[in-house]
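What follows is the residue order along each chain.
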2 protein chains.
Amino acid sequence: MDMKIIIDGFGGDRAPVEVLKGARLAADQYHVSLLITGDEEKLKQAAQQAAVSLEGISLHHAPDVISVEEDPASIMKEHKNCSMAVGLRLLSEGEGDAFVSAGSTGALVVGSSLIVKRIKGIKRAALATMIPTPNGCYMLLDAGANAECRPEMLVQFGIMGSAYMERIRKVSSPKVGLINIGEEPTKGLELQISAYELMAKAPFNFTGNVEARDVPGGAVDVAVADGFTGNIVLKLTEGLGSSMSKQIKGIFTKSISTKFGALFLLKGLDEFKKAWITPNTAAHLYWELPNR
Amino acid sequence: MDMKIIIDGFGGDRAPVEVLKGARLAADQYHVSLLITGDEEKLKQAAQQAAVSLEGISLHHAPDVISVEEDPASIMKEHKNCSMAVGLRLLSEGEGDAFVSAGSTGALVVGSSLIVKRIKGIKRAALATMIPTPNGCYMLLDAGANAECRPEMLVQFGIMGSAYMERIRKVSSPKVGLINIGEEPTKGLELQISAYELMAKAPFNFTGNVEARDVPGGAVDVAVADGFTGNIVLKLTEGLGSSMSKQIKGIFTKSISTKFGALFLLKGLDEFKKAWITPNTAAHLYWELPNR
């Protein structure tokens, strides 16, 4: 697969150095072609200072930067030449297959919706996140783009999530569940009750309401929620992953004998840690359906 | 402390046998006096069959049972003589200091509100749960009694939670946070925005919005939420605890050398498991403030 990924060189904490380092790792490990947007001079300087080789990585000049403090809508006006806007424009022009940014989530949602544009008929963009389960992963959406949702929006999130899991993750007939406080169709607030009715008739494998208790075990492939609830689920998952890992580490380092025991488990624990301890939620993946 | 605890003998799965076994353990370990409600003959029979001694445990006859399928309001009418209703009545008459039931949550909320009655001025009862953190625990409320809440209800949950943590758990000036999708006062839905304003003026140590990411680490002593959000937090915590424990178990039992390593960690892991793997949410503690 000859994939080209566009990267926002100035998104996120410690940009552009950490972005450059990450791009280097990706280029070496996955053999994808990469294009980084941002102030070309600054990118080159940062790469040189950090001794990061830019071999096989192209740069695309974008003179401006948009910060998380700024009005997300300014990506269309004052900051239309920021590294994020330029990256999204390149994506919309077919210059790449995906765009990655660790920058302002709000600006990314606005920019994605207005520059790359939504799939025809889709009312709102959603933030979709893959979360690990014991046997794979599930897609959570909306993880926070739309705090307030209407029932039809949840149906569309289900359609997009299902299509993604089927085409990209090769899950056949992905199970789509609505995150709710009980399994019965009458559970939840007005939003969930109405969404349940619509989702039952939607063109995907709707398995009904799914309780938050069953989501982490992999009960569904796609967990649909309004952005408020989804954001709580995402952040609690991160927080618990980190907090429980700390507790486990405490057990391992309690005494000499536990440290000795832990030696035999290092590899497995390392995998566990990699899967669970995500540094923060700032890194969002903007994805599109193929053949839109 | 000479405490008397009233127990619903017919609440929860596998009642009354499991309830009797649990009561026996409590009587032996904590030296509290216990009173179990339910059909006296059936309780005695079950105790005999399971070889559970009733020494030091009193029984109080209640001929009826209310199931989770029944209308919660029936605890006041058709089922006013069920084991739960009788237990709550005994509590309201001062026959005990606390009441424990693993039965219908809905009936428990209705019965607590109407039989024991709410603290004067408190609009709604909340389900409060203690959740472990690396350094102790925090109280989550409302964990699901009121799916839909008004801002004033959240303020009252903060007052009750703060009083509990201060008086019962001896936390001085407990930190009370509002679970939200961001720290700024303007974050969240209308409910959170209005509640924030009111909580900032409330008679407790309001530390502002708390993100779900920071809750499991113990950022606050009392985490306030509407019952929908709180229920999601509770159940996701349970589900992740169980799912992550399974993954860790998988690491430990992967090969002979990892099993050998795990031997050195058994005690610590056992504690971890005890703290995290709760069998289900059916067991709710109904608590009251002292000196109401």
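Residues numbered from 1 in each chain as written. Chains lettered and ligands numbered in written order. Predicted model: local features only at pLDDT ≥ 70, side-chain atom pairs only at ≥ 80, totals over all residues. Heavy atoms only, no water.

Q: Help me understand the overall build of chain A, please; the structure alone is not making it clear to me.
A: Secondary structure summary: chain A contains nine helices and ten strands in total. Looking at chain A residue by residue over its 292 residues, the buried ones come to 51%. Put simply, of all contacts in chain A between residues at least 6 apart along the chain, 67% involve residues at least 24 apart. (Helix = DSSP H or I, 4+ residues; strand = E, 2+ residues; numbered from the N terminus. Buried < 20%, exposed > 50% of the residue type's maximum accessible area, 1.4 Å probe, protein only. Contact = heavy atoms within 4.5 Å.)

Q: What is the right way to look at the sheet that holds strand 7 (residues 175–180) of chain A in this model?
A: Backbone-to-backbone hydrogen bonds pair the strands of a sheet. The strands run either parallel or antiparallel. Residues and elements named next belong to chain A. With mixed pairing, five strands are arranged side by side in an open sheet as 5-6-9-7-8. Either end of the sheet is taken by a strand with one partner, and the two such strands are strand 5 (129–133) and strand 8 (205–211). With strand direction ignored, the average angle separating the axes of adjacent strands in the sheet is 30°. Packing of helix 6 (residues 190–200) onto the sheet brings it into contact with strand 7, strand 8 and strand 9 (222–224), and relative to strand 7 it is tilted by some 170°. (Pairing = 2+ DSSP bridges. Axes fitted to C-alpha atoms, helices over the stretch in contact; angles between N-to-C directions.)

Q: Teacher, can you tell me more about the environment of Ser172(B) here?
A: Among the structural elements, Ser172(B) can be located in the loop between helix 5 (151–167) and strand 7 (175–180). Residues Ser172(B) and Ser255(B), spaced 83 residues apart in sequence, show a C-alpha to C-alpha distance of 48 Å.

Q: Please explain the pairing of strand 3 (residues 57–61) of chain A as it appears in this structure.
A: In summary, the side chains of a regular strand alternate between the two faces of the sheet. Pairing analysis gives five bridges linking strand 2 (residues 33–38) of chain A to strand 3 of chain A, with the strands arranged parallel. Paired with Thr37(A) across the strands is His60(A), a residue of strand 3 of chain A.

Q: Would you mind showing me how to read the packing of aromatic side chains here?
A: Each aromatic ring pair is summarised here by two numbers: the centre-to-centre distance and the angle between the ring planes. What the rule picks out here adds up to four aromatic pairs over all chains. A centroid spacing of 6.5 Å and a plane angle of 75° characterise the contact between Phe204(A) and Phe206(A), whose relative ring orientation is edge-to-face. Look at Tyr196(B) and Phe206(B): their rings are 5.2 Å apart centre to centre, the planes differ by 75°, and that puts the pair in the edge-to-face class. With Tyr196(B) in helix 6 (residues 190–200) and Phe206(B) in strand 8 (residues 205–211), this residue pair connects regions lying ten residues apart in the sequence. In terms of burial, Tyr196(B) and Phe206(B) fall into one category: buried. Members of the aromatic cluster, joined through ring pairs, are Tyr196(A), Phe204(A) and Phe206(A). (Phe/Tyr/Trp six-rings, centres within 6.5 Å; stacked < 30°, edge-to-face > 60°.)

Q: I keep staring at the sheet that holds strand 5 (residues 128–133) of chain B and nothing clicks. Help me out?
A: Residue and element names in this part refer to chain B. Spatial strand order, 5-6-9-7-8: five strands in an open sheet with mixed pairing. With partners counted over all chains shown, the strands left at the sheet margins are strand 5 and strand 8, one partner each. Geometrically, the sheet is characterised by an average inter-axis angle of 30° between neighbouring strands, direction not taken into account. Of the strand pairs in this sheet, strand 6 (residues 136–141) and strand 9 (residues 222–224) are connected by three bridges, and their pairing is parallel. By the bridge assignment for strand 9, Leu141 is matched with Val224. Against the sheet, helix 6 touches strand 7, strand 8 and strand 9, its axis set at about 170° to strand 7.

Q: So what exactly am I meant to see when it comes to the nonpolar core here?
A: Nonpolar side chains tend to gather and get buried jointly when the protein is soluble and globular. Ranked by size, the top nonpolar core spans 42 residues in total, and within it Leu140(A), Ile179(A), Leu140(B) and Ile179(B) carry the most contacts. Elements supplying a minimum of two residues to this core: strand 6 (136–141) and helix 7 (227–252) of chain A together with strand 6 and helix 7 (227–252) of chain B. Apart from residues lying up to four places away in sequence, Ile179(A) is in contact with Leu140(A), Gln192(A), Val210(A), Val215(A), Ala223(A), Val224(A), Ala225(A), Thr229(A), Val233(A), Phe228(B) and Ile232(B). (Core = buried A, V, L, I, M, F, W, Y, C linked by side-chain atoms within 4.5 Å.)

Q: Please clarify how the pattern of salt bridges should be interpreted in this entry.
A: Opposite charge on two side chains allows them to pair when their charged atoms are near. Taken as a whole, this structure holds twelve salt bridges over all chains when the rule is applied. For Arg24(A), the salt bridge goes to Asp28(A), with nearest N and O atoms at 2.8 Å. Residue Arg24(A) and its partner Asp28(A) are located together in helix 1 (residues 17–30), separated by four residues, close to a single helical turn. Given a relative accessible area of 17%, Arg24(A) falls into the buried group. Looking at Asp28(A), the relative accessible area reads 43%, which means it is partly exposed. Residue Arg213(B) is joined to Glu238(A) by a salt bridge in which the shortest nitrogen-to-oxygen separation is 3.2 Å. Of the two residues, Arg213(B) sits in the loop between strand 8 and strand 9 while Glu238(A) sits in helix 7, which places them in two different chains. Residue classification places Arg213(B) among the partly exposed positions, given a relative accessible area of 25%. (Salt bridge = Lys/Arg side-chain N within 4 Å of Asp/Glu carboxyl O.)

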